[in-house]
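Structure at a glance
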Amino acid sequence: MDYSDLTSKLIDGNTRAAARLITTVENDIEAAEKIINSIYPYTGKAYIIGITGAPGTGKSTFISTLTKSYVDLGKKVGIICVDPTSPLTGGALLGDRIRMKQHFSLNNVFIRSMANRGQLGGLARATEDVIKILDVYGCDIIIIETVGVGQSEVDIFKSAQTVVVLVVPGLGDDIQAIKAGIMEITDIFVVNKMDLAGADKKVAEIMQMLEYKKNYKYESEAFSAKFAKIDQWTPEITKVNSKTGENFEELLKIINKHKNFLQESGVIDNYLKNRIKSETIEILKHKLTKKAEELINSDDKIEEFIEKAIKKSIDPYALAGEILKLFFEKRDN
Amino acid sequence: MPEDRKIKVLVCKPGLDGHDRGAKVLARALRDAGMEVIYTGIHQTPDDIVNTVVQEDPDAVMLSILSGAHNALCPVIMEKLEEQGIDDVLVAVGGIIPDEDKPFLEKKGLKGFYGPGTDLSTIVEFVKNNLKR
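A brief report on the enclosed structure follows. (Residues numbered from 1 in each chain as written. Chains lettered and ligands numbered in written order. Predicted model: local features only at pLDDT ≥ 70, side-chain atom pairs only at ≥ 80, totals over all residues.)

1. Let's talk about the overall build of chain A
Scanning chain A from terminus to terminus reveals 14 helices and 8 strands. Across the 333 residues in chain A, those meeting the buried criterion constitute 39%. Restricting to contacts in chain A with at least 6 residues of sequence separation, those with at least 24 account for 75%. (Helix = DSSP H or I, 4+ residues; strand = E, 2+ residues; numbered from the N terminus. Buried ≥ 20, exposed ≤ 12 C-beta atoms within 10 Å, placed from the backbone. Contact = placed C-beta atoms within 7 Å.)

The following block contains the structure:
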């Protein structure tokens, strides 16, 4: 199919074209390849903010208020809300829009709900492609809401320039604050629902954790290269009330400060490099897995190896090695 | 049809009707049938709904109305969808729709008309069989 009509409409800022292209990249990875190929030169203008946090921390309401703050500044905002797909039925209930109702009628807000379709890491496979489409569509700010995360859904830090983690008073003790994962990829901590008792205690707990981190030197070079974004930036902490909009002015200032930091320190180059690397790896994974599946289901030789594996004369690691060999033989021919 | 294709459905409560148990049960049934379901919440204006349809690009829109305002709301929604050039989306209405109103709504392009007590699998099949793309 030819998508050039839709992509040129997208470049002109047509909302329906954006929506239809998003549907297409979600459903069909081969079409996504063509679409991204033709719009890629137009990307790179939007600032991407990732919002993550445990279920119930108020992500959707927070995003609603944050969006309003940006719209008031005359910005065009794109919102991508990712919700989980049921591993049993493949269905999903996408409910984040309900809490963003107050922005529905605004012309400069584009909200899109996505199911993660079994993808781990807190985002959907097509998220990167959808970001690009909204970028070309003309969004100044793209806000991504991840699925309610546990502690290892950290993919957002590869896609977003600024990662905001929401925490609320009374959810989890101080041990949660020193566990690995989410807490390490955060640029800005926001204690949401600041009107609740314990908000200041939560702020103190996070401060303590960050203080501890500062005194700890990371040894591994590979590790610090990957997390360079964080090593040179001490995460900021603030508290807000998403229902009333209290303290959002302060938050916007902090986001801006982080944005400036990325530019001035040159960390942005590192971010861009890592983002393209990880995105390419994801695409390669998808393509290679597909090829491997084709091979494993169609090659007689592999059938023989599988028989051997059943009889315990070869193990799955060795089997994978053989498949890899076949893989490259096929490629060379 | 590409391998990852999922049926995406928008479940809406137009107008001032606040009775959304039926809409929620329906949303769950469609989800359990493997569809991606967006529920808008109550008190949606026709503009809200059309705006959501434009952005989310669903395959089907399920309107749930129990207040008796269907003859007023549905035609407006259909008109506004047409204004946007949206003609490949199944639009169904259900809830309390008296028999004598059905021909009028049908003429406006609406389908379904399922009321309380309808077997959920009937509606799931209806959605699967009436998609326009």
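2. A few points about the sheet that holds strand 2 (residues 36-39) of chain B
Consider a sheet: its strands pair through backbone hydrogen bonds, and that pairing is either parallel or antiparallel. Read from one edge to the other, the open sheet built from 6 strands follows the order 3(A)-2(B)-1(B)-3(B)-4(B)-5(B), with strand pairing classed as parallel. The sheet is open, and its two borders are formed by strand 3 (92-94) of chain A together with strand 5 (111-112) of chain B, each paired with just one other strand. Bridging between strand 3 (residues 60-65) of chain B and strand 4 (residues 90-95) of chain B involves 6 bridges; their strand directions are parallel. Its bridge partner lying in strand 4 of chain B, B:Ser64 is registered against B:Gly94. (Pairing = 2+ DSSP bridges.)

3. Here's the deal with the pairing of strand 4 (residues 109-115) of chain A
Residues and elements named next belong to chain A. Extensive coverage of strand 4 is indicated by the burial of 7 of its 7 residues. Relative to strand 4, strand 2 (residues 77-83) runs parallel, the two being bridged by 7 bridges. Pairing of Val82 across the sheet is with Met114, part of strand 4.

4. Looking at the sheet that holds strand 1 (residues 47-53) of chain A
Residue and element names in this part refer to chain A. Reading across from one edge, 4-2-5-1-6-7-8 is the order of the 7 strands in this open sheet, with parallel pairing throughout. Each of the sheet's edge strands pairs with one partner strand only, and the pair in question is strand 4 and strand 8 (236-239). Each strand axis lies, on average, 20 degrees off the axis of its neighbour in the sheet, ignoring direction. In the sheet, strand 6 (residues 162-167) pairs with strand 7 (residues 188-191) via 4 bridges, with the strands oriented parallel. Bridge pairing links Val165 to Phe189 in strand 7. (Axes fitted to C-alpha atoms, helices over the stretch in contact; angles between N-to-C directions.)

5. Topic: the interface of chain B and chain A
In this complex, chain B contributes 25 residues to the contact, which on the side of chain A involves 27 residues. Every element with two or more residues in the side of chain B that touches chain A is listed here: helix 1 (21-32), strand 2 and helix 2 (46-56) of chain B. Looking at which element gives the most residues to the side of chain B that touches chain A, the answer is helix 2 of chain B, with 7 residues. Among the residues forming the side of chain B that touches chain A, the class breakdown is 8 nonpolar, 7 polar and 10 charged. Bridging between strand 3 of chain A and strand 2 of chain B involves 3 bridges; their strand directions are parallel. Residue pairing in the sheet places A:Leu94 in a bridge with B:Ile38 of strand 2 of chain B. (Nonpolar A, V, L, I, M, F, W, Y, C, P; charged D, E, K, R; others polar.)

6. A few points about helix 2 (residues 15-27) of chain A
For helix 2 of chain A, spanning 13 residues, the distance from its first C-alpha to its last is 19 Å, which sits close to the expected 18 Å at 1.5 Å a residue. Next to the buried residues of helix 2 of chain A lie helix 1 (4-11), helix 3 (29-39), strand 4 and helix 5 (127-137) of chain A together with helix 2 of chain B. (Expected span 1.5 Å × (residues − 1).)

7. Overview of the environment of A:Thr146
In this structure, A:Thr146 sits in the loop between strand 5 (141-145) and helix 6 (156-159). Counting along the chain gives 38 residues from A:Thr146 to A:Glu184, while the straight-line C-alpha distance between them is 16 Å.

8. Focus on the packing of helix 2 of chain A against helix 5 of chain A
When two helices pack together, you describe them by how their axes are tilted relative to each other and by the distance separating the axes. Residues and elements named next belong to chain A. The N-to-C vectors of helix 2 and helix 5 enclose an angle of 165 degrees; their axes lie 10 Å apart at closest approach. Classified by the angle between their axes, helix 2 and helix 5 sit roughly antiparallel to one another. Helix-helix and strand crossings are classified by hand; for helix 2 and helix 5 the assignment is right-handed. In contact with Ala18, Leu21, Ile22 and Val25 of helix 2, helix 5 contributes Asp129, Val130, Ile133, Leu134 and Tyr137. (Parallel < 35°, antiparallel > 145°, perpendicular 65-115°, else oblique. Left-handed = near helix turned anticlockwise from the far one by under 90°.)

9. Points about helix 5 of chain A
All names here are of chain A. Counted residue by residue, helix 5 has 11 buried out of 11 residues, so it is predominantly covered. Burial in helix 5 covers these residues: Thr127, Glu128, Asp129, Val130, Ile131, Lys132, Ile133, Leu134, Asp135, Val136 and Tyr137. In the segment just after helix 5, Gly138 is the residue with positive phi, at about 115 degrees.

10. Some words on unusual backbone geometry
All names here are of chain A. Unusually for a residue other than glycine, Lys193 sits at a positive phi of about 55 degrees. Following the sequence through the fold, Lys193 ends up in the loop between strand 7 and helix 8 (199-214). A count of 24 C-beta atoms within 10 Å places Lys193 in the buried class.

11. A short note on the environment of A:Tyr42
All names here are of chain A. If you trace the backbone, Tyr42 turns up in the loop between helix 3 and strand 1. Classification of Tyr42 by C-beta neighbours within 10 Å gives partly exposed; the count is 15. For the pair formed by Tyr42 and Leu66, sequence separation is 24 residues and the distance between their alpha carbons is 26 Å. Among residues more than four places away in sequence, those in contact with Tyr42 are Ile11 and Val136.

12. Some remarks on the environment of A:Val267
In this fold, A:Val267 is placed in helix 12 (residues 267-298). Taking the C-beta count within 10 Å as the criterion, A:Val267 has 19 such neighbours and is therefore assigned partly exposed.

13. A few points about the pairing of strand 4 of chain B
Residue and element names in this part refer to chain B. Of all 6 residues in strand 4, 6 are buried, a share of seventy percent or more. Burial along strand 4 is two-sided: Leu90, Ala92 and Gly94 facing one way and Val91, Val93 and Gly95 facing the other are all buried. Bridging between strand 4 and strand 5 involves 2 bridges; their strand directions are parallel. Paired with Val93 across the bridge in strand 5 is Gly112.

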